[in-house]
Amino acid sequence: MSERDAIVFKYTVSDDDFTRAGEASSDVKRKLKQMNVSPEVIRKVSIAMYEGEINMVIHADGGEITVTLTPEEIIMELKDKGPGIADIEKAMQAGYSTAPENVRSLGFGAGMGLPNMKKYSDDMSIDTVIGVGTTVTMKVKMI
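Conventions we followed
- Residues numbered from 1 in each chain as written.
- Predicted model: local features only at pLDDT ≥ 70, side-chain atom pairs only at ≥ 80, totals over all residues.
- Heavy atoms only, no water.
- Helix = DSSP H or I, 4+ residues; strand = E, 2+ residues; numbered from the N terminus.
- Buried < 20%, exposed > 50% of the residue type's maximum accessible area, 1.4 Å probe, protein only.
- Polar contact = N/O pair within 3.5 Å; in protein donor to acceptor, adjacent residues only side chain to side chain.
- Salt bridge = Lys/Arg side-chain N within 4 Å of Asp/Glu carboxyl O.
- Pairing = 2+ DSSP bridges.
- Axes fitted to C-alpha atoms, helices over the stretch in contact; angles between N-to-C directions.
- Contact = heavy atoms within 4.5 Å.

Visitor: Quick question: what am I supposed to make of the side chain of Thr134 here?
Guide: Relative to the helices and strands, Thr134 is located in strand β5 (residues 133–141). Of the residues examined, Thr134 reaches a relative accessible area of 5% and is grouped as buried. Among the polar contacts made by the side chain of Thr134, one reaches the side chain of Thr128 at a distance of 2.7 Å.

The structure is reproduced here in structure tokens:
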């Protein structure tokens, strides 16, 4: 399979809809299992993508996720039109959260989203512009 033959999945993440949060990562997990991708890769992709989805629901009025599968890696691009991340270094600290109290009362917003996204991906980049939005790109290598 060449780069142009890559398999691509696209998802829309709704804003402020915790009942549907996680649907995209669950669908990718199911598809990867059907493709006999290794359980370790599936685990990493599922956790990283779920954390990203939740962040999009909490902080960014939803957005779009594009997942690209190649023989070498799985690339997850999470793009939103939210407020942007004011301090990426601070946001990457475990336990730091800007989630509102109503979100925390639901059990979300513990400040582990970005740290877990980094932990469970082999490569992660954040491109953010205040008032415009954020794109997080995560890569997980096929084993």
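Visitor: Honestly, the pattern of salt bridges in this entry has me stumped. Any pointers?
Guide: Two side chains bearing opposite charge may form a pair once their charged atoms approach each other closely. Overall, the coordinates contain five salt bridges when judged by the stated rule. Salt-bridge contacts for Arg20 lead to Glu23; the nearest nitrogen and oxygen are separated by 3.1 Å. On the basis of relative accessible area, Glu23 is assigned to the partly exposed category, the value being 42%. With a shortest N-O distance of 2.7 Å, Asp122 and Lys44 are connected by a salt bridge. Taken together, the positions of Asp122 in the loop between α5 (113–119) and β4 (123–129) and Lys44 in helix α2 (residues 39–59) put the pair 78 residues apart, joining distant regions of the chain. Judged by relative accessible area, Asp122 falls into the partly exposed class, the value being 35%. We classify Lys44 as buried; its relative accessible area is 14%.

Visitor: What am I meant to see in the environment of Leu32 here?
Guide: In this fold, Leu32 is placed in helix α1 (residues 23–34). Through-space distance from the C-alpha of Leu32 to that of Asp80 is 24 Å; in sequence the pair is 48 residues apart.

Visitor: What should I look at first to understand unusual backbone geometry in this one?
Guide: Across residues other than glycine, the phi torsion is negative in most instances, and most of the peptide bonds are trans. Even without being glycine, Asn36 reaches a positive phi, approximately 60 degrees. Exposure remark for Asn36: the relative accessible area of 69% places this residue in the exposed category. Located in the positive-phi region is Asp61, a residue other than glycine, with phi close to 55 degrees. Looking at the secondary structure, you find Asp61 in the loop between α2 and β2 (63–69).

Visitor: I tried to follow the pairing of β2 on my own but got confused; where do I start?
Guide: Regular strands have side chains that alternate between both faces of the sheet. Of all seven residues in β2, six are buried, a share of seventy percent or more. Here strand β1 (residues 7–13) pairs with β2 via seven bridges, running antiparallel. Bridge pairing in β2 links Tyr11 to Ile65. Taken together, β2 and the strand that follows it, strand β3 (residues 73–79), pair antiparallel across an intervening segment of three residues.

Visitor: How should the sheet that holds β3 be read in this particular structure?
Guide: Overall, antiparallel pairing links the five strands, which are arranged β1-β2-β3-β5-β4 in an open sheet. Two strands bound the open sheet, and with one partner strand each, they are β1 and β4. With strand direction ignored, the average angle separating the axes of adjacent strands in the sheet is 10 degrees. Against the sheet, α1 engages β1, β2 and β3, with an angle of about 160 degrees to β1. Across the sheet, α2 lies against β1, β2, β3 and β5, angled at about 5 degrees from β3, the strand it touches most.

Visitor: Is there a simple way to explain the pairing of β3 in this structure?
Guide: Inspection of the sheet shows β2 paired to β3 by six bridges, in the antiparallel sense. The partner of Leu69 across the bridge, within β3, is Ile74. Inspection of the sheet shows β3 paired to β5 by seven bridges, in the antiparallel sense. Within β5, the position partnered with Glu73 by the bridge is Lys141.

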